[in-house]
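Here is how the chains run, residue by residue.
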Amino acid sequence: MGPPSSSGFYVSRAVALLLAGLAATLLLALAALAALYGRCARVPPSELPHRAGPDAAPSPPGTPEEPLPPGRTRPTREPAVTATTGHGRPPGPWDQLRLPPWLVPLHYELELWPRLRPHESWAPTLTFTGRVNITVRCTAATRRLLLHSLFLDCESAEVRGPLASDAGDSTVGRVPVDDVWFAFDMQYMVLELGGPLQPGGRYELQLSFSGLVYQDLREGLFFSVYTDQGERRALLASQMEPTFARSVFPCFDEPALKATFNVTIIHDPSYVALSNMPKLGQSLRRDTNGSEWTVTTFSTTPHMPTYLVALAVCDYAYVDRSERGKEIRIWARKDAIENGNADFALNITGPIFSFLEDLFNISYPLPKTDIIALPTFDNSAMENWGLLIFDESLLLIQPNDQVTDKKAVISFILSHEIGHQWFGNLVTMNWWNDVWLKEGFASYFEFGVINYFNPKFPRNEIFFSNILRNVLSEDHVLVSRAVSLKAENFTETSEINELFDLFTYNKGASLARMLSSFLNENLFINALKSYLKTFSYSNAEQDDLWRHFQMVIDDQNKILLPATVKSIMDSWTHQSGFPVVTLNVSTGTIKQEPFYLGKVKNETLLTHNDTWIVPILWIKNGITQSLVWLDKSSKIFPEMQVSASDHDWVILNLNMTGYYRVNYDQLGWKKLNQQLEKDPKAIPVIHRLQVIDDAFSLSKNNYIEIETALDLTKYLAEEDEIIVWYAVLVNLVTKDLVFDANSYDMYPLLKKYLLKRLASIWNVYSAIIRENSVALQDDYLALVALEKLFETACWLGLEDCLQLSRELFKNWTNQPENEIPSPIKSVILCYGIALGSEEEWDFLLNMYANKTKEEERIQLAYAMSCSRDPRILNRYMEYAITASPFAFNETNVIEVVAAAEVGRYIAKDFLVNNWQAVSESLYLFNHSKASGGYGTQSLVTLMNIIGRTISTDLQITELQQFFGNMLEEHQRLTVHAKLQTIKNKNLENKRRSARMTAWLRRNA
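Within each chain, residue numbers correspond to sequence positions counted from 1 in written order. pLDDT decides what is reported in this predicted model: residues at 70 or higher carry local features, side-chain atom pairs at 80 or more are listed and counted, and totals for whole chains, interfaces and linings draw on all residues regardless. Each side-chain value is derived from all of the structure's non-hydrogen atoms; neither hydrogens nor water enter the calculation.

*Asks:* How should the overall build of the protein chain be read in this particular structure?
*Replies:* Think of it this way: any DSSP run of H or I at least four residues long counts as a helix, any run of E at least two long counts as a strand, and we number them from the N terminus. Helices and strands together make up the secondary structure of the protein chain, namely 30 helices and 32 strands. Any two residues whose heavy atoms approach within 4.5 Å are treated as being in contact. Pairs at least 24 residues apart make up 74% of the contacts formed inside the protein chain by residues separated by at least 6 positions. Residue burial considers only the protein chains on display, and all accessible areas are found by Shrake-Rupley using a 1.4 Å probe. Just so you have it, the protein chain exposes about 38,200 Å², and 50% of that area is on carbon and sulfur atoms.

Here it is as structure tokens:
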């Protein structure tokens, strides 16, 4: 699956918001689901919601109009089908999250018939029917079968067998099915049999079923409505990972239960059907109304888990090419294909496949690859074998787009998903607790791929900015989770979905990178080759990976480790958080301790006793030193000593390949500061980045004084690397500082201090923007850092920044084809509105109304909140609650205004004065956490935003009274505790700001 929202290049602001896109559709869907969920699971097809039209009365499977495949027979009896949550039955295997090991699936014959027709007014739901014949091997005698099924209506069920061993699969009998019932808590379908299945025997489960397809839900089967060539059209696609296959067809929905699949899709003749494998054949079928449908069959897949089954039914066009004799097609809206929007992705996809084939010495096993660009796809991208699914914003690019990070985004995500063809598809984790084995390694190899095709790519700096910094800022021992978890600790399916987070992707990639660094690239790749070859078409656990690394270590004698690979890496994957490694340069003593958010003196003694086995690559005076290991709480390394009188300096964690922060004693920090002021270029860019980021993080969390971090910024007038400036600005000019109403003492001092040092780097990049913005296209570091540089310069009131914002905004409003460079577009739009009048604001509102891409609409919605005119902001919020409920369905306008520089002062009053209208307008959203409405989650968000300035108990009381009127009684204590936490944080920030202000007075 595509990387999560917080991972650097992948994210736009769209992903970070509480979106309202599901809105009425989702609630209607939930109402329908609730109706199905709460009654008997067996519902006649005539009672299922469906559209009027030629297929308004679809025939259930088994009617003469729908002949069964050759060699299949019809059920001779129909079992009773009931529904239960399991509470009415004695405890049993249906109460467990994992399937019992009685059956092993071998092969699925799957037929799906979604009732999607073109040129219709599509309802929020469509019906689909299906049949699946699953060949299984029995491993233990049983009279009861469990398989996964969710929100499916079972029409009939039969068990044939035991099957003969010959290829004809002739049977010697049938096993009666006495009852079919559903255990909803664990999402099982249970078949009660009239006789036992025999160990070693093979059987075929024949199931007919029906269900619903939801618009834009993007789980299981879903359909999307979009515009192409001036017409409204619809397509259908699937998302099975991690546990949604069970909502499409009854199956054994666990990653280790691999099988082969023969997929058949029945669809409207004007559509094309896609699946994992190439099309095998087509035929026609008529429904009970005589209407024609096309039946498309596909070749047999390799052994794979259910979460990789994929299909799409669409009216798309494609571009194609061959790579090593295998066809690659990219499917997209016909407009997009005609405009060449898919050409960039097509041209890099084949070479990425070839590079990874050569790297691992394992050929891609499928005969084709289809990649389809959906109008919207919440998961960003999905690696289904043979049919990769992308959000079009992450795959398509305008051929004339020159200054954009889009090419980098597309390259990274394509590399990630193609990497999954080996990590995940070919070799699959045994269960979801080790999902990092696929997501972490796919994330790591993104950078190897990009670096191969772009040798000048600043790999270490980009890895830090996109991957490492994000996860280090979230990871700590008390709250975060370990990368690899015990499977037996999972009790609910929802816990599986929660695994697709920063720790799986970013920390997983960081640990893979650390492993590669303390071995070497050759040993690292050889171990992975062995691992991938051994477990091809099978499953592996984390220990299997460590064994293959240990094998390559044991076969050589150059790399010596202080412990086994398993012992080293388990210390990182089986515990949460990371260590702070502190070097005393006077003695050469290194110690490790867990990193805590807001460290207190006695916390370590109370909560954490484990240590990490820490690889320490380091440099002294710019020269790389030999690897050392910290395999206990402290150790002495005399070679790391530095005296007060000499000019030596030491930096631990070469290229930031280790997953830890580095602290120094006072002398160590002083030596680094002296070197930065004397000759900053003697310290490599990645380590100037590291020193700044480590120091500010450690000071924020009470490991060192804030003055120590600030001292490191004195040299910045000589800093010409924009990525180092990025590290300074994201740590120094934080949201808390920008929105702190009490920062009036600090602001003029900070303005003077930074603008004096910013001039050089600003002049370089402002000139490029004015004269030759195309030069930014291959400047990866600028694409990462420019937005923060411009945002800060304008916030500090740099006149040239404000003037440039006016120029670019005016040029764009006069001629929208004069695109604002993508990296700074959000800043320019914001300041164009902040410095403009109602005329500029109305222009943006009109642009918003005419945009169809969600990402563009959200960018404009944010910009409109930048107005400094309270009357305009009140008008904005009034419009949001009085216009169509879905006019701003991607954005919670009141939250956006509350988070703005001026809007924070008026959003609270607006809510107080208009709460009834707000709550009525957004009633449909009220219970959806995924929406933009004012359910509890939205109130908590608003509380955090509005509460940024509270520092007294009186302010807490006022806010508590305000929010209390909108909350249930049981929520008010939680709110009070939350507000108290916010107050304490604000007081801490205030103390920190006071010290920063005092330092600035001495140094500005």
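*Asks:* Sorry, what's going on with the pattern of salt bridges here?
*Replies:* Pairing between side chains of opposite charge can happen when their charged atoms approach one another. Just to be clear on terms, a salt bridge is a Lys or Arg side-chain nitrogen sitting within 4 Å of an Asp or Glu carboxyl oxygen. Summed over the entire model, instances satisfying the criterion amount to 48 salt bridges. In this structure, Glu439 engages Lys438 in a salt bridge whose closest nitrogen and oxygen atoms are separated by 2.6 Å. Exposure class is identical for Glu439 and Lys438. Each is buried. Across the salt bridge formed by Asp544 and Arg547, the nearest N and O atoms sit 2.2 Å from each other. With Asp544 and Arg547 both in helix H11 (residues 542–554), this residue pair falls 3 residues apart, about one helical turn. With a relative accessible area of 12%, Asp544 lands in the buried category. In this scheme, a residue with accessible area under 20% of its type's maximum is buried, one over 50% is exposed, and one in between is partly exposed, where area comes from a 1.4 Å probe on protein chains only.

*Asks:* Whenever I open this one, the side chain of Asn341 confuses me. Can you help?
*Replies:* Turning to its location among the elements, Asn341 is positioned in the loop between helix H3 (334–338) and helix H4 (343–360). Overall, the relative accessible area of 6% leaves Asn341 in the buried class. In this structure, Asn341 is in contact with Ala336, Leu395, Leu396, Ile397, Gln398 and Pro399, ignoring residues within four places of it in sequence.

*Asks:* Explain the packing of aromatic side chains here, please?
*Replies:* Here the aromatic set is Phe, Tyr and Trp, taking the six-membered ring for Trp, and pairing holds for ring centres within 6.5 Å; pairs whose planes are under 30 degrees apart are stacked, those over 60 apart are edge-to-face, and all others are tilted. For the coordinates displayed, the defined rule picks out 47 aromatic pairs. Centroid distance Phe360 to Phe423: 5.4 Å. Interplanar angle 80 degrees. Geometry classified as edge-to-face. Here Phe360, found in helix H4, pairs with Phe423, found in the loop between helix H5 (406–419) and strand S22 (427–429); they are 63 residues apart in sequence, far enough to count as distant. As far as the burial class goes, Phe360 and Phe423 line up, both buried. Arranged with centres 5.1 Å apart and planes meeting at 85 degrees, the rings of Tyr664 and Trp669 form a pair that is edge-to-face. You'll find Tyr664 and Trp669 in the same group, each marked buried. Members of the aromatic cluster, connected to one another through ring pairs, are Phe353, Phe360, Tyr364, Trp422, Phe423, Trp436, Phe441, Tyr444, Phe445, Phe524, Trp546 and Phe549. Here, a charge over a ring means that NZ of Lys or CZ of Arg falls within 6 Å of the ring centre while also lying within 35 degrees of the ring normal. The ring centre of Trp113 lies 3.9 Å from the NZ or CZ of Arg115, which sits over that ring.

*Asks:* Teacher, can you tell me more about H5 here?
*Replies:* An α-helical turn contains 3.6 residues, so any two residues separated by three or four positions project in the same direction. The span one expects for a helix is its residue count, reduced by one, times 1.5 Å. For H5, built from 14 residues, the straight-helix expectation of 20 Å at 1.5 Å per residue is met to within 8% by its first-to-last C-alpha distance of 20 Å. When you tally the buried positions in H5, you get 13 out of 14 residues, the bulk of the element.

*Asks:* What is the right way to look at the pairing of strand S32 (residues 661–664) in this model?
*Replies:* Along any regular strand the residues' side chains alternate between the sheet's two faces. Going residue by residue along S32, you find Arg661 and Asn663 tucked away on one face and Val662 and Tyr664 tucked away on the opposite face as well. Pairing analysis gives 4 bridges linking strand S24 (residues 579–584) to S32, with the strands arranged parallel. Note that in S32 the partner of Leu583 across the bridge is Tyr664. When DSSP finds two or more bridges between a pair of strands, those strands are recorded as paired.

*Asks:* In this structure, what is going on with the confidence of the model for the protein chain? I would like to understand it.
*Replies:* Segments scoring low in pLDDT should not have their predicted coordinates read at a detailed level. Every residue gets a pLDDT, meaning the predictor's confidence in that residue, from 0 to 100. The pLDDT averaged across the protein chain works out to 87; a share of 85% of its residues lies at or above 70. Contacts for the low-pLDDT stretch residues 5–80, under 50 throughout, to residues beyond four places or in other chains number 187 contacts. Predicted confidence for residues 924–934 stays below pLDDT 50, and this span has 38 contacts to residues more than four positions away or in other chains.

*Asks:* Quick question: what am I supposed to make of the sheet that holds S24 here?
*Replies:* Neighbouring strands of a sheet are bound in pairs by backbone hydrogen bonds; such pairs are parallel or else antiparallel. As summarised here, the arrangement of the 4 strands in space is S30-S25-S24-S32, forming an open sheet in which the pairing is mixed. Single-partner strands in this sheet number two, and they are strand S30 (634–636) and S32. Strand after strand, the sheet turns through a mean of 20 degrees between neighbouring axes, direction not considered. Bridge count for strand S25 (residues 589–594) against S30 is 3 bridges, and the pairing is antiparallel. Following the sheet pairing, Lys591 is matched in S30 by Ser634. Only C-alpha atoms enter the line fits that serve as axes; for helices the fit covers just the stretch in contact. Angles between N-to-C directions range over 0 to 180 degrees.

*Asks:* What is the right way to read the state of the cysteines from this model?
*Replies:* Disulfides are covalent bonds that connect the sulfur atoms of two cysteines. Our working definition of a disulfide is a cysteine sulfur pair at a distance within 2.5 Å. Inspection of every chain in the model, using the stated rule, returns 2 disulfides. Across a sulfur-sulfur distance of 2.0 Å, Cys794 and Cys801 are joined as a disulfide pair. The S-S bond linking Cys794 to Cys801 shows a torsion near -90 degrees; that makes this disulfide left-handed. With a relative accessible area of 3%, Cys794 lands in the buried category. Taking relative accessible area as the criterion, Cys801 reaches 0% and is therefore assigned buried. Paired through a disulfide, Cys830 and Cys866 show a sulfur-sulfur distance of 2.0 Å. Measuring handedness by torsion sign, the sulfur bridge of Cys830 and Cys866 sits at about -105 degrees and is left-handed. With a gap of 36 residues between them, Cys830 in helix H22 (residues 825–834) and Cys866 in the loop between helix H24 (854–864) and helix H25 (870–882) connect regions that are remote in the sequence. Cys866 shares its class with Cys830; the two are buried. Looking at the protein chain, its bonded cysteines, counted consecutively from the start of the sequence, adopt the pairing 1-2, 3-4.

*Asks:* It is not clear to me how the packing of helix H9 (residues 502–518) against helix H12 (residues 565–573) should be interpreted in this structure. Could you clarify?
*Replies:* Any two packed helices are characterised by how steeply their axes cross, that is the angle between the axes, and by the distance between the axes. Their axes nearest at 11 Å, the elements H9 and H12 cross at an angle of 150 degrees. Accordingly, the angle class assigned to the pair H9 and H12 is roughly antiparallel. Here H9 and H12 pass one another in a crossing that is right-handed. Facing H9, whose interface residues are Lys507, Leu511, Met514, Leu515 and Phe518, H12 presents Val565, Ile568, Met569, Trp572 and Thr573. Oblique is the label for every angle not falling under 35 degrees (roughly parallel), over 145 degrees (roughly antiparallel), or within 65 to 115 degrees (roughly perpendicular). Crossing handedness follows the turn of the near helix against the far one: under a right angle anticlockwise gives a left-handed crossing, and clockwise gives a right-handed one.

*Asks:* Before we go on, may I ask you to explain the sheet that holds strand S27 (residues 618–620) in this structure?
*Replies:* Strand order in the open sheet formed by 3 strands is S28-S27-S31, with antiparallel pairing between adjacent strands. Either end of the sheet is taken by a strand with one partner, and the two such strands are strand S28 (623–624) and strand S31 (650–652). Relative to S31, S27 runs antiparallel, the two being bridged by 3 bridges. Each residue of the ladder has a partner; that of Ile619, found in S31, is Ile651.

*Asks:* Is there a simple way to explain the environment of Ser699 in this structure?
*Replies:* Along the chain, the position of Ser699 falls in helix H15 (residues 685–700). Linking Ser699 and Leu710, residues 11 residues apart in sequence, is a C-alpha distance of 9.6 Å. The contact partners of Ser699, leaving out residues within four places of it in the chain, are Ile704, Glu705, Ile706, Ala709 and Arg992.

*Asks:* Can you walk me through helix H19 (residues 746–771) in this structure?
*Replies:* With 26 residues, H19 extends 35 Å between its outermost C-alpha atoms, agreeing within 8% with the 38 Å of an ideal straight helix rising 1.5 Å per residue. For H19, the principal kink sits at Leu758 and spans about 50 degrees. To obtain the bend at a residue, axes are fitted to the seven residues ending there and to the seven starting there, and the angle between these axes is taken.

*Asks:* Which parts of the structure should I look at to understand unusual backbone geometry?
*Replies:* In most cases, non-glycine residues show a negative phi, while peptide bonds are predominantly trans. With omega at 0 degrees, the peptide bond leading from Gly161 into Pro162 counts as cis. You can see Pro162 is positioned in the loop between strand S5 (153–160) and strand S6 (174–175). Look at the link from Glu241 to Pro242: it is a cis peptide, with omega at 0 degrees. Of note, Pro242 is situated in the loop between strand S11 (231–239) and strand S12 (260–267). In this structure, Gln229 is a non-glycine residue whose phi angle is positive, near 50 degrees. Locating Gln229 in the fold gives a position in the loop between strand S10 (220–228) and S11.

*Asks:* Would you explain the pairing of strand S2 (residues 103–114) in this entry?
*Replies:* Judged by how many residues are buried, S2 sits mostly within the fold: 9 of 12 residues are covered. Where S2 and strand S3 (residues 125–138) come together, 11 bridges link them in antiparallel fashion. Each residue of the ladder has a partner; that of Glu109, found in S3, is Asn133.

*Asks:* Whenever I open this one, the environment of Pro250 confuses me. Can you help?
*Replies:* Relative to the elements of secondary structure, Pro250 occurs in the loop between S11 and S12. Separated by 103 residues in sequence, Pro250 and Leu147 have C-alpha atoms that sit 6.6 Å apart. Excluding residues within four positions of it along the chain, Pro250 makes contact with Tyr108, Val132, Ile134, Leu147, His148, Ser149, Leu152, Met189, Leu207 and Phe209.

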